[in-house]
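Here are the chains, one letter per residue:
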Amino acid sequence: MLCMPQGLSFRTQADNKEPQFHSFIITREDGSRTYGFVLTFYEEVTSKQICTAMQTLYQMHNAEQHGSVYASSSCSMDSLASSIDEGDATSLLKLQRYNSYDINRDTLYVSKSICLITPLPFMQACKKFLLQLYKAVTSQQPPPLPLESYIHNILYEVPLPPPGRSLKFYGVYEPVICQRPGPSELPLSDYPLREAFELLGLENLVQVFTCVLLEMQILLYSQDYQRLMTVAEGITTLLFPFQWQHVYVPILPASLLHFLDAPVPYLMGLQSKEGTDRSKLELPQEANLCFVDIDNHFIELPEEFPQFPNKVDFIQELSEVLLQFGIPPEGSLHCSESATKLKNMVLKDLVSDRKNGNVPTSNISMYELMKGNETIARLQALAERTGVTVEKIDLSASLNEKEKDLKLQCEEAELRDYQLNVQLREVFASRFIQMFADYEAFVIQTAQDLESWLTNREQMQNFDKASFLSDQPEPYLPFLSRFIETQMFATFIDNKIMSQWEEKDPLLRVFDSRIEKIRLYNVRAPTPTLRTSIYQKCNSLKEAAQSIEQRLMKMDHTAIHPHLLDMKIGQGKYEQGFFPKLQSDVLAAGPTNNNRWVSRNATAQRRKERLRQHSEHIGLDNDLREKYMQEARSLGKNMRQPKLSDLSPAVIAQTNWKFVEGLLKECRMKTKRMLVEKMGHEAVELGHGEANITGLEENTLIASLCDLLERIWSHGLQVKQGKSALWSHLIQFQDREEKQEHLTDSPVALGPERRKSDSGVMLPTLRVSLIQDMRHIQNMSEIKTDVGRARAWIRLSLEKKLLSQHLKQLLSNQLLTKKLYKRYAFLRCEEEREQFLYHLLSLNAVDYFCFTSVFTTIMIPYRAVIIPIKKLSNAIITSNPWICVSGELGDTGIMQIPKNLLEMTFECQNLGKLTTVQIGHDNSGLLAKWLVDCVMVRNEITGHTYRFPCGRWLGKGVDDGSLERILIGELMTSASEEDLGKQCRTPPQQKSPTTTRRLSITSLTGKPAKPNAGQIQEGIGEAVNNIVKHFHKPEKERGSLTVLLCGENGLVAALEQVFHHGFKSARIFHKNVFIWDFVEKAVAYFETTDQILDNEDDVLIQRSSCKTFCHYVNAINTAPRSIGKDGKFQILVCLGTRDHLLPQWIPLLAECPAITRMYEESALLRDHMTVNSLIRILQTIQDFTIVLEGSLIKGVDV
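Values in this document were obtained by computation on a predicted structure and should not be read as measured data. (Residues numbered from 1 in each chain as written. Predicted model: local features only at pLDDT ≥ 70, side-chain atom pairs only at ≥ 80, totals over all residues. Heavy atoms only, no water.)

1. Considerations on the overall build of the protein chain
Part 1: Scanning the protein chain from N- to C-terminus turns up 41 helices and 26 strands.
Part 2: For the protein chain, the proportion of contacts with a sequence separation of at least 24, taken over those separated by at least 6, is 75%.
Part 3: As displayed, the protein chain offers around 57200 Å² of accessible surface, 53% of which is attributable to carbon and sulfur atoms. (Helix = DSSP H or I, 4+ residues; strand = E, 2+ residues; numbered from the N terminus. Contact = heavy atoms within 4.5 Å. Areas by Shrake-Rupley, 256 points an atom, 1.4 Å probe, with all protein chains shown as cover.)

So, in structure tokens, the structure goes:
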């Protein structure tokens, strides 16, 4: 199955019978690998019975296919026939005979394989040995010794070369060299990376390499088995110090094609048939697939694909290495050795027809060619007549010299391949050494012994991911945040922890020693460069190439020559073109002579014997074909790759059951991880600020969840439709639902029936359904693919906390699920499916903004409702009201509200999380005073509803005379109808519930709330502390600064409390007095009084502070906005915070004479100690760069 993955092959003399070399790999359950190297050649069939049976088969085939031969299988021949000279009858005859067999005319050949099984990938050496064996069978002269001698020699007498040494052993005609890297070098890799780079091109190879690192599903596609193996081994070799942990089948036998249905990461190779189009290839899942068409130099990448760090510099460095060896970085498909062979047999015949200057490709004698040349003959005759003697040319000598030169060139090319291999690998290794130079600092080692560590492995965190990422350069994060979630990285860290108790993994040992070397260099270097985002080139290329050259030029060991064995006479009989039947008893027995190699390498020989028996066993026994699969560790450390010991339905069902269990376990782990991250953030926050996981980490976890859902929906599909199995299922569900009109008339409603206020104005219920959410996604022109639509739908459902509910509704249509999925599919295992939906339901405990924050450019419909307090306000107003809604991503601009309509809908580009609403009117008409309780704004796609509390008048001559107000939003949590009916101002969920609530100085009852001095000071401390914490978070995880400045418990509210404390009666002669009145009196005093101080420096500083204070207050007063006095105070505090002026302004106001008239003696502002304490608190935010939202300071020019 592995030597001939497509089974036996028959050819005739008209077909190409060139021997084909390929290799394969067997991965055992413990992860150890064995390599197989195969030479397939064609041998004449001598059995008359087989030839007769083949003729009968062809006659039956021709009878069936008579009408459609030229239309289907021979279309390529038709096109060729039209291009050939009509007079050339022999060529046309040849074409008619192509793909046919006639026992009287044709000779039948059958494929045969010779295979070597080795513990290490000595690809070049094994290829040379097999080619020499084949040459011995096909040459006219028999080999010097029977073939058994050479095979016995390599099985028993040729040892593995020791690490860091080279070994010469003998084939049939010439010696063969192999070498092994030393303990401190990169591990052995004998597959030529040159071919991999030529086949794919540098850019494509780096992209595929990134897919492998992120453990996606990678499918290699080529007609040539060896190309599949070369690319697969080449890429996995470059992973050092990491190792691929999942299904690894570089050549997938035809009988195991159903492995592509496995819902796990894999790296597989599939042979393409000649003329097969990629579009005809039906793959069960493509959402997370990287498809690599090797023959056509083409790759298809998954969506949402992060780039490898420093990719441009990295490609540049690799290009320089390739160019030194004369390889174009863009790849050269025609350069590679295997591509030079013409694939089309008919063309081959035409090329070798000796016409038009074509000569056969085999070596020809130049003398023979020139002997029949008329020109040469005439020249010779002329020379003889003139008496010139022509010396006979010794052509054979020059040909021998050429052969020697060719041999030297081959050896040189081989050396260059080895040097290129090692240099390219050093560049890749150097990238990882730079990226993970300080990984040890983040390894968490908690267990005391190996046993306790293994017992608690799944519950323990082994690597401090958050700290590691926070330490990395920003451009690295998209890639690294996903890479450190992979199984290969987890295994690498596990190996590091286990190295405390066990011998170090060889790859880890080399990697750690390299890092240590860099550390020592950095200690000595004048400028350390251990942690930097600046690209550093690899500096060990020359050294690596030299060590390879030294080993290959100077042999360390030579193995025993092949020798005659004790064989039965006549059994090693030589017959040209036929591989002899070997004497098994001679090969089964070990060596008789006790030489130095035998004694030193007894264990190596025992291993070889075991491997030989194992390879024979695999060839004979189909029950062991599961050995071909490597364990898939992606589904947890203990979950092994399912075995397919035979292809019976029962075994396939058992295998798929393992997949179902694995998918469920992965779902449980992923949802738990997402919740734990969230809970961890909340614990750190202690209820303050924003407790959502945002930014990079959230994106990584959600992308991982999208991938898992796609894999679940791809498992057990009857027929694949489109690249996204989930979206295909959703579309079919949508079609069925839309046909049933009674269902579309009453979609599923979410939340309460209505949201009432005491005024009776309400926000209409947002009716949502799975179909409606799909329509939202379908209307987004920015998303072009089904995979993208499925991911957008998952994100939207997650943000709305409806993912589990929607998927339950989707799967409730059992007839559709049965139609789409086989019985063993995950989605048809009822108990597991229910558990899966339950795990997804747990995500509703988390607030995600994964849709709003990703699709920032889409148009979103919003609905706004203004809720007045009608008991105290006019039911109708004559003025023209307006509104402007702002969010983290932008604002709507001023929108006029239709007169006497308190509700409006509008559409604009995604505003992100909403932060402020500006509301106002133009004060026209008789009824121009308006008492607004709050404004509600809802995103009609995500359903997020924001409440903007007001509780103040808008109008001249009432309250603080404001015609416009800036309201700060809070996200409403879904609550019951009763809670929504109450007009209570509870703080948002993420705020600390213990702090005092902000109230206007003139509340509706006219009784101001008076917190005591201690509470006010505590409020200031908390407001400043929240701002400090805000700036200590990673930039992408910060919430809204506007809320921390102007929201409830914000800095403005806290300073208002300070200024209100001890403020003399708020009403003088029935007229309200505001803090802004005190500010204006202070400005009037500063502008008219020329203060005299002893110290001139103090004078300058104080005058400067007075001047800026007056300038800011005047700018606010003259701004073209109808803001009330409290609104002006808010702007002053915001500007003072932004420009770090508050600590200078507070002492000026505290020492201003107006303070004695407007404040009681017990007021906080008249207490020097309190004022000094306040200044010190405000100075803690001096170092932060504060950027104010445009809506807060619009129109104020300072």
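2. A word on the sheet that holds strand β19 (residues 903-909)
Part 1: Taken in spatial order, the five strands make up an open sheet running β19-β15-β21-β22-β24, and their pairing is antiparallel. Edge positions in the open sheet fall to β19 and β24 (970-971), since each of these has one partner strand only. (Pairing = 2+ DSSP bridges.)

3. Considerations on the pairing of strand β5 (residues 166-170)
Part 1: Counting buried positions along β5 yields four of five residues, so the element is predominantly enclosed.
Part 2: Of the strand pairs in this sheet, β5 and strand β6 (residues 175-179) are connected by five bridges, and their pairing is antiparallel. In the strand pairing of β6, Ser-166 is matched with Gln-179.
Part 3: Between the antiparallel neighbours β5 and β6 lie four residues.
Part 4: Relative to strand β12 (residues 557-558), β5 runs parallel, the two being bridged by two bridges. Bridging from a neighbouring strand, Lys-168 pairs with Thr-558 of β12. (Buried < 20%, exposed > 50% of the residue type's maximum accessible area, 1.4 Å probe, protein only.)

4. A look at the sheet that holds β5
Part 1: Spatial strand order, β6-β5-β12: three strands in an open sheet with mixed pairing. Strands with a single pairing partner mark the edges of an open sheet, and in this sheet they are β6 and β12.

5. Remarks on helix α41 (residues 1168-1179)
Part 1: For α41, with twelve residues, the first-to-last C-alpha span of 17 Å sits near the 16 Å given by 1.5 Å per residue.
Part 2: Taken residue by residue, α41 has Thr-1170, Val-1171, Leu-1174, Ile-1175 and Leu-1178 as its buried positions. One side of α41 holds all its buried residues, which, seen down the axis, span an arc of 140 degrees. For α41, exposure combined with an orientation more than 90 degrees from the buried face picks out His-1168, Met-1169 and Arg-1176. (Expected span 1.5 Å × (residues − 1). Arc of directions from axis to C-beta.)

6. So, a nonpolar patch on the surface
Part 1: On the surface, a nonpolar cluster with roughly 270 Å² of combined accessible area is contributed by Leu-8, Phe-10 and Ile-50.
Part 2: The residue Leu-8 is located in the segment before β1 (10-12) in this model. (Patch = residues over 30% accessible without salt bridge, like charges linked within 9 Å, V, L, I, M, F, W, Y side chains within 5 Å. Salt bridge = Lys/Arg side-chain N within 4 Å of Asp/Glu carboxyl O.)

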